[in-house]
2 protein chains.
Amino acid sequence: METRLTGPEINTANIPNWKMNGDKIEQEFFFHTFAEAFSFITRIALEAEKIGHHPEFFQAYNRVKVVLTTHDAGGVTLKDVNLAAWIDKINWT
Amino acid sequence: METRLTGPEINTANIPNWKMNGDKIEQEFFFHTFAEAFSFITRIALEAEKIGHHPEFFQAYNRVKVVLTTHDAGGVTLKDVNLAAWIDKINWT
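These numbers come from a predicted model, not from an experiment.

Definitions and cut-offs
Numbering of residues starts from 1 in every chain and runs along the sequence as written. Naming scheme: in the order in which they are written, chains are lettered from A and ligands are numbered from 1. Local features in this predicted model are restricted to residues of pLDDT 70 or higher, and side-chain atom pairs are both shown and tallied only at a pLDDT of 80 or more, whereas totals for entire chains, interfaces and linings draw on every residue. Based on all heavy atoms of the structure, the side-chain values leave hydrogens and waters out of the count. The copies were overlaid by least squares, fitting only the C-alpha atoms of residues that reach a pLDDT of 70 or more in each copy. Residue contacts follow a heavy-atom distance rule, with two residues in contact if any of their heavy atoms lie within 4.5 Å. Confidence of the predictor in every single residue is expressed as pLDDT, which spans 0 to 100. Axis definition: a line fitted to C-alpha atoms, over the contacting stretch in the case of helices. Angles run 0 to 180 degrees between N-to-C directions. Secondary structure follows DSSP: runs of H or I at least 4 residues long count as helices, runs of E at least 2 residues long count as strands, and numbering of each begins at the N terminus. The crossing is said to be left-handed when, going from far helix to near helix, the turn is anticlockwise and less than a right angle, and right-handed when the turn is clockwise. A 3.5 Å cut-off defines polar contacts: any pair of N or O atoms within that distance qualifies, except that in protein one atom must be a possible hydrogen donor and the other a possible acceptor, and neighbouring residues in sequence count only when both atoms are side-chain atoms. Residues grouped as a nonpolar core are buried Ala, Val, Leu, Ile, Met, Phe, Trp, Tyr and Cys residues, joined through side-chain atoms within 4.5 Å. Burial here depends on accessible area, computed with a 1.4 Å probe over protein chains only, as a share of the maximum for the residue type. Under 20% is buried, over 50% is exposed, and the range in between is partly exposed. When two components associate, each loses some accessible surface as probed by a 1.4 Å sphere; the sum of these losses over both components is called the buried area. We define a salt bridge as a contact between a side-chain nitrogen of Lys or Arg and a carboxyl oxygen of Asp or Glu at a distance within 4 Å. Note on residue classes: Ala, Val, Leu, Ile, Met, Phe, Trp, Tyr, Cys and Pro are nonpolar, Asp, Glu, Lys and Arg are charged, and everything else, Gly too, is polar. Two strands are said to pair when DSSP picks up at least two bridges between them.

## Quick word on the relation of the copies chain B and chain A
Step number 1: The transform that puts chain B on chain A rotates by 180 degrees and translates by 0.0 Å along the axis, for an RMSD of 0.0 Å. Here the transformation between the copies is reduced to the relation of a two-fold axis. Proximity to the rotation axis, assessed at the C-alpha, singles out Phe58 of chain B in chain B; its C-alpha lies 2.2 Å from the axis.
Step number 2: Here 100% of the interface residues in chain B have copies in chain A that are interface residues too; the copies meet face to matching face.

## A word on the confidence of the model for chain A
Step number 1: Per-chain confidence: chain A averages 95 in pLDDT, with 100% of residues scoring 70 or above.
Step number 2: Both confidence scores are given for the complex: pTM 0.95, ipTM 0.93.

## A look at the packing of helix H2 (residues 34–51) of chain B against helix H3 (residues 78–90) of chain B
Residues and elements named next belong to chain B.
Step number 1: Taken N-terminus to C-terminus, the directions of H2 and H3 make an angle of 145 degrees; their axes are 11 Å apart at the nearest point. H3 is crossed by H2, and the crossing has right-handed handedness. Note on element contacts: H3 touches H2 through Leu83, Trp86, Ile87 and Ile90, opposite Phe40, Arg43, Ile44, Glu47 and Ile51.

## Section: the side chain of Thr77 of chain B
Residue and element names in this part refer to chain B.
Step number 1: Within the fold, Thr77 resides in the loop between strand E4 (63–68) and H3.
Step number 2: Side chain to side chain, Thr77 and Thr70 meet in a polar contact 2.7 Å long.
Step number 3: Sequence-distant contacts of Thr77, that is, excluding residues within four places in its chain, are made with Glu2, Thr3, Arg4, Leu5 and Thr70.

## Describing the nonpolar core
Step number 1: Formed by 50 residues in total, the largest nonpolar core has its most connected members in Trp18 and Ile87 of chain A together with Trp18 and Ile87 of chain B.
Step number 2: Counting only elements with at least two residues in this core, the list comes to strand E2 (24–30), helix H2 (34–51), strand E4 (63–68) and helix H3 (78–90) of chain A together with strand E2 (24–30), H2, E4 and H3 of chain B.
Step number 3: With eight residues, H2 of chain A is the largest single contributor of residues to this core.
Step number 4: Once you skip the residues sitting within four places of it in the chain, Ile87 of chain A turns out to touch Trp18, Phe29, Phe40, Ile44 and Val66 of chain A.

## Observations regarding the interface of chain B and chain A
Step number 1: On the side of chain A, 16 residues touch chain B, which itself brings 15 residues to the contact.
Step number 2: Note on chain B versus chain A: buried area summed over both sides is about 1300 Å², and carbon and sulfur give 75% of it.
Step number 3: Considering only the surface of chain B that becomes buried against chain A, Phe34, Phe38 and Phe57 of chain B emerge as the three largest contributors, covering 39% of it.
Step number 4: Our enumeration of links across chain B and chain A arrives at zero salt bridges.
Step number 5: Seen at the junction of chain B and chain A, the total is two residue pairs in polar contact (both at pLDDT 80 or more).
Step number 6: The set of elements that each furnish at least two residues to the side of chain B that touches chain A consists of H2 and strand E3 (56–60) of chain B.
Step number 7: Partitioned by chemical class, the residues of the side of chain B that touches chain A number ten nonpolar, three polar and two charged.
Step number 8: Pairing of strand E3 (residues 56–60) of chain A with E3 of chain B, which is carried by five bridges, proceeds in the antiparallel orientation. Counted as the bridge partner of Phe57 of chain A is Gln59 of chain B from E3 of chain B.

Right, here's the structure in full:
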C-alpha cells in the first residue's frame, strides 16, 4: 500500500500549484470554453484509467477543479504527487 | 431570455429524480466503474455542446453529480427541465 505523505513532504514535492485541502490536494484550471475544459478532464481520465488512480473532477462551464487523494491510504501519497506533476505538465490553459 | 420557473412549476415537470438545491436542480448517479461514469458525463457533454446549455459535473470514481441551472435567468428554466428529462432518458445506470 502507498504511504501517506506528511504536509512538509508534499510541500517539497515540486507541485506548487496544488493546494492542500484536508487530506487532499486540489487545483483549479480556467479555460476559454466548456469544450476545452472538458477535453482537459478527458485527457486526465484516460491517464487515470491507464495508471489505475482516479482524481475527482468538478466542472462548471470553463472552470475545472481536480482533487487528488488516495482513499486506501487516507491521504495524499506519491501516486497523487506523481499524477499532479503529470497534470501540470499537460496543462494547456 | 428563458423564464425562471417556480418551485411548483418544476415539481410538475415530470422529472421526479431531480432535487431542487437553491436555484439549481441536481441528481446523483452511481455506476460500476470510473469508465462508465466518465462515459456518462461525456455523453451529456456532447449534448450540452449541441444545444448550447451546459450542466455542472462532479465525478468521484463511480459517482456522478449533475447540476442544472440557467445562469442568465438566475434559476431553473425550461432549458434545464428539458435537459434533465433528456439525461433521465439516456441514463444507463
